[in-house]
Amino acid sequence: MFNFDFYNPTRILFGKDRLGAIDTLVPADAKVLITFGGGSAKKSGLIDKVKAALGRRQVEEFCGIEPNPRYETLMKAAAIVRSQNIDFILAVGGGSVIDGTKFICLATYYDGDARDLLKFGFRHITSEVVKKVVSFGAVLTLPAAGSEMNSGAVVSYEHGKFPVLSDMTFPKFSILDPTYTFTLPKIQVANGIVDAFVHVGEQYLTFPVAAKLQDRMAEGILQTLVEIGVTTVNEPENYDARANHVWSATMALNGIIAVGVPQDWATHMIGHELTARFGIDHGQTLAIVYPALLDVRKEQKRAKLLQYAERVWHIENGSEDEKIDLAIQKTRAFFESLGIKTRLSEYGITADDIPALIDQLKAHGMVALSETQDITPEISQKILEKAM
Ligand code: NZQ
Ligand code: ZN
C-alpha cells in the first residue's frame, strides 16, 4: 500500500426531506446563486423547493449549464457571481451542474485568463494560483459522477474535455435525496450505474499493493451496483434500489477507495475523446471502452482481474485465462443488461473514425495512460479497434 493523505470536508445529508438543513448550512446573510441545467430541476419543482428552503435570503438563478459543461457558459455565470457579489452558490443537478459550479467558484476571482485553469491536467490548483474561491453546496439529481462528494470537475472547451482538480472545490455540503432522481430517464440511470462501476474499476482493477480494505470496499460497491443495477433502471421509484445506487456512486469517487492504491483512468481519458467528438454520453463511452481495455490489458491486470472474477462475479472454475475472459464477458453483459450498447459500431462509429480520435488523444497529451503510464496512442488505437 502506498503512502497517502485523505481529506474530504463535504458534509453529506442523505435521504428524504433534507432540504430544511439548507437554512442552517447556508450563511443567513448570504446572497445566493442557484445554478442548474436545462430545465429538469425547474420542471420537477425542485428549484422552487430549494428557494423556499433559502427563506428570506436574496436569491438569483443561473440556468443552462449543459451536459458536459462548456467553459463559455460557466464564464457567464462567473461574471454574474462577481457583478452581483454572490457569496454562496447552490448547484442543483447532476455531475455537469456540480462540475460546472466548481469551475465557476474557481474562475470568478481568478486573476488572469480563466482558460489557464484548464491546463493543470491532474495537478491540483492551489490557493497560490486562485486566491479567492466562492463556497458552494449541492443538491444531487443524478447519481453517477460522484461530483457531489469530490473536488474534481471536467470542463468542455473547444474540442476537448479538461479535468480541473483542486482541494478548494469540495462542496460544503451535498444533499443526496434519492427521490430527486426519480424523474431520470432510464438511459441516464443506466449511464450512472456504468459511470460508478468504471470509477471503481479505475481505482481497483490495476495491480495488487496489499490494500486489502480498499479492495474489499471497491468489491462491495461493484457487487452492490450489480445487485441493484437492473432493478433501479426498471423500477425508477424503488427507493431502496435507488438509495443504494446514489450512495454507491458517491462512495465510488469520494476518494476513499483511491487511497494508497495505483489508479488507471485510461478508460475515462479515451471516453472523454468519444464524448468530445461524437457527443456520446459519458457513461456510454465507458461501457464501450472498458471491456475492450480490460481485454487488451489482460496481462498487465492479470492478478486483479483474477481477484475481480472470483470476488465480484463468483467465477470459481476454469483456467486463469478462462476466468478472466468470463469476467470481462460478464462485465460487458452487465452494461448491456442496463440497456447500454457496448460496441462503437452500434453508435455509428467506424474504423475510419479511429485515427482522428488518436490525434485528439495526442493533442490533449493523453499519450502515457494507465496505472503504469504505458498506454501509448498505438495501444489506445488497439483498444478502440477491439471496441468496434
Ligand atoms: O440539464 P438538466 O435539465 O439538468 O438535464 C440533465 C441532463 O440533460 C438530466 N437530468 C439530471 N438530473 C435529472 C435529469 N433529468 C431528469 N430528472 C433528473 N433528476 O440528465 C442529463 C445528464 O446530466 P449530467 O449532469 O450531464 O449527467 P452526469 O451526472 O452523468 O454528469 C456527467 C458529467 O460529469 C463529468 C462528465 O465528464 C460529464 O461532464 N464527470 C465528473 C466527474 C467528477 N466530478 O468527479 C467524474 C466523472 O468521471 C465524469 O467525468
Ligand atoms: Zn466517470
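Residues numbered from 1 in each chain as written. Chains lettered and ligands numbered in written order. Predicted model: local features only at pLDDT ≥ 70, side-chain atom pairs only at ≥ 80, totals over all residues. Heavy atoms only, no water.

What follows is about the overall build of the chain. A count of helices and strands for the chain gives 14 helices and eight strands. Dimensions of the chain, computed from the C-alpha atoms along their principal axes, are close to 65 × 45 × 45 Å. Buried positions account for 56% of the 388 residues belonging to the chain. Intrachain contacts of the chain at a sequence separation of at least 6 include 79% that bridge at least 24 residues. Working note: accessible area of the chain is about 15800 Å², and carbon and sulfur atoms make up 51% of it. Across the chain, the mean location of the 40 positive side-chain charges is 4 Å away from that of the 47 negative side-chain charges. (Helix = DSSP H or I, 4+ residues; strand = E, 2+ residues; numbered from the N terminus. Buried < 20%, exposed > 50% of the residue type's maximum accessible area, 1.4 Å probe, protein only. Contact = heavy atoms within 4.5 Å. Areas by Shrake-Rupley, 256 points an atom, 1.4 Å probe, with all protein chains shown as cover. Lys, Arg positive; Asp, Glu negative; His and termini not counted. Charge placed at Lys NZ, Arg CZ, Asp CG, Glu CD.)

Right, let's talk about the pattern of salt bridges for a bit. If you walk through the whole model with that rule in mind, you get 17 salt bridges. With a closest N to O distance of 3.6 Å, Glu72 and Arg70 form a salt bridge. When its relative accessible area of 37% is taken as the criterion, Glu72 is described as partly exposed. One salt bridge connects Glu219 with Arg311, and the closest N-O pair in it is separated by 3.0 Å. You can see Glu219 sitting in helix α7 (residues 212–234) and its partner Arg311 sitting in helix α11 (residues 302–313), a full 92 residues away along the chain. The class for Arg311 is partly exposed, based on a relative accessible area of 25%. (Salt bridge = Lys/Arg side-chain N within 4 Å of Asp/Glu carboxyl O.)

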